[in-house]
Amino acid sequence: GTIGLDGRFDLVRARFDSRSAGGTKNLPRITPIRWGAGIFFKGDATDARIGFVRTEAQDRNDAFETNTDSFTYLNASLSHEFHFGDESDIPLNLSIVARNLADVRGRNHLSFTKDEVILPGRSIRFGARVRF
């Protein structure tokens, strides 16, 4: 199999050019900086990954928006594909996916209800997939 590292980063920055108002103004609902990294294993029948995604605080707001605090999600996944009989049989893939393992409170800065509604907490999902 293969063991590797991956990373991600995204940044959005936008402002109105309001020269008539004597300066510039932040656009509303701008996504905060997000970044993360992880380690993965990819084999013939098994895939595994553990990593984190950090969402930074957003304080570059429009006049009528509130700030959003930073938070970090820890995520993990594992899947394995089984073959019954020879390799030409129908494969069965079993998986487990865990999101926000530390059960951190986060808010979606783009949501109009961000001050009242938090993002989902810890979730663990089990899955089975058959392809034919």
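**Things to note about unusual backbone geometry**
Thinking step 1. Phi at asparagine 100 takes a positive value of approximately 55°, unusual for a residue other than glycine.
Thinking step 2. The topology assignment puts asparagine 100 in the loop between strand E7 (91-99) and strand E8 (123-130).
Thinking step 3. We classify asparagine 100 as buried; its relative accessible area is 1%.

**Let's talk about the pattern of salt bridges**
Thinking step 1. Scanning the model with the defined rule gives six salt bridges in all.
Thinking step 2. In this structure, arginine 29 engages glutamate 65 in a salt bridge whose closest nitrogen and oxygen atoms are separated by 3.5 Å. With arginine 29 in the loop between strand E3 (23-26) and strand E4 (34-42) and glutamate 65 in the loop between strand E5 (46-55) and strand E6 (71-83), the pair connects residues that are 36 residues apart, well separated along the chain.
Thinking step 3. Judged by its relative accessible area of 13%, glutamate 65 falls in the buried class.
Thinking step 4. Residues arginine 131 and glutamate 81 are paired through a salt bridge, measuring 2.8 Å at the closest nitrogen-oxygen approach. Taken together, the residues span a long stretch of sequence, with arginine 131 in the segment after E8 and glutamate 81 in strand E6 at a distance of 50 residues.
Thinking step 5. A residue is classified by how much of its surface remains accessible, and arginine 131, at 41% relative accessible area, is partly exposed.

Criteria and cut-off values
Residue positions are given per chain, counted from 1 along the sequence in the order it is written. With pLDDT at 70 or above as the cut-off, local features in this predicted model cover only qualifying residues; side-chain atom pairs require 80 or more to be listed or tallied, and sums for whole chains, interfaces and linings still use all residues. Each side-chain value is worked out from all heavy atoms of the structure, with water and hydrogens disregarded. Numbering goes from the N terminus for both helices and strands, where a helix is a DSSP run of H or I of at least four residues and a strand is a run of E of at least two. Partly exposed residues are those whose accessible area sits between 20% and 50% of the maximum for their type, while under 20% is buried and over 50% is exposed, using a 1.4 Å probe and protein chains only. Think of a salt bridge as a Lys or Arg side-chain nitrogen and an Asp or Glu carboxyl oxygen that are within 4 Å of each other.

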